[in-house]
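Observations on chain architecture
Below, each chain spelled out in residue letters.
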Amino acid sequence: MTVSLSLVFVLGVIAWAAIKFLGIRLWVAIVIALFGFWLSHTILAPAIESGTRSGVDVVNGTHE
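I will try to describe carefully the structure that is included in this document. As the structure is a prediction and not an experimental result, all values here were calculated from the model.

**Examining the overall build of the protein chain**
In terms of regular secondary structure, the protein chain is built from three helices and zero strands. Mapped in sequence order, the helices and strands of the protein chain form the string α-α-α. Taking 64 residues into account, the globule formula puts the C-alpha radius of gyration at 11 Å, and the protein chain, at 14 Å, lies well above it. Structurally, the protein chain occupies a C-alpha span of about 40 × 35 × 15 Å along its principal axes. Carbon and sulfur atoms make up 72% of the accessible area of the protein chain, which amounts to about 5900 Å² in all.

So, in structure tokens, the structure goes:
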């Protein structure tokens, strides 16, 4: 069974849960999100993308 969810929706749910249940402050969640956008425009972006794709493959069971 394959379920397609928007990454923004999934990250939003994780952020909401962290704020609600872990006591993370809203400004900290915003700073982390902005840092992620900044990090995606650096030289580390290809490594981040490769690691993310490998993680998704492992979770989906399509890892070779």
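**Quick word on helix 1 (residues 7-21)**
In an α-helix there are 3.6 residues to a turn, and that puts residues three or four apart on one side. An ideal rise of 1.5 Å per residue puts 21 Å on 15 residues; helix 1 measures up with 21 Å between its terminal C-alpha atoms. Backbone geometry just downstream of helix 1 places Gly23 in the positive-phi region, at approximately 75 degrees.

**Comments concerning the packing of aromatic side chains**
Both the distance between ring centres and the angle between the ring planes are used here to describe each pair of aromatic rings. Scanning all chains against the criterion turns up two aromatic pairs. Ring geometry for Trp16 versus Phe21: centroids 5.7 Å apart, planes at 85 degrees, classification edge-to-face. Of the residues examined, Phe21 reaches a relative accessible area of 61% and is grouped as exposed.

**Topic: a nonpolar patch on the surface**
Taken together, Trp16, Ile19, Phe21, Leu22, Ile24, Leu26, Ile30, Leu34 and Phe37 make up a surface patch of nonpolar side chains, about 990 Å² in accessible area. Looking at the nonpolar patch, the elements that each hand over two or more residues are helix 1 and helix 2 (26-39). On the basis of relative accessible area, Leu26 is assigned to the exposed category, the value being 54%.

**Observations concerning the environment of Gly61**
Along the polypeptide, Gly61 turns up in the segment after helix 3 (45-60). Take Gly61: its relative accessible area is 60%, and that puts it in the exposed class. Spatially, the C-alpha atom of Gly61 lies 30 Å from that of Leu22, the residues being 39 residues apart in sequence.

**Looking at the environment of Leu22**
Structurally, Leu22 can be placed in the loop between helix 1 and helix 2. According to the relative accessible area criterion, Leu22 is exposed, its value standing at 66%. Separated by 19 residues in the primary sequence, Leu22 and His41 have C-alpha atoms spaced 29 Å apart.

Basis of the calculations
Residues numbered from 1 in each chain as written. Predicted model: local features only at pLDDT ≥ 70, side-chain atom pairs only at ≥ 80, totals over all residues. Heavy atoms only, no water. Helix = DSSP H or I, 4+ residues; strand = E, 2+ residues; numbered from the N terminus. Rg over C-alpha atoms; globule rule 2.2 N^0.38 Å. Areas by Shrake-Rupley, 256 points an atom, 1.4 Å probe, with all protein chains shown as cover. Expected span 1.5 Å × (residues − 1). Phe/Tyr/Trp six-rings, centres within 6.5 Å; stacked < 30°, edge-to-face > 60°. Buried < 20%, exposed > 50% of the residue type's maximum accessible area, 1.4 Å probe, protein only. Patch = residues over 30% accessible without salt bridge, like charges linked within 9 Å, V, L, I, M, F, W, Y side chains within 5 Å. Salt bridge = Lys/Arg side-chain N within 4 Å of Asp/Glu carboxyl O.

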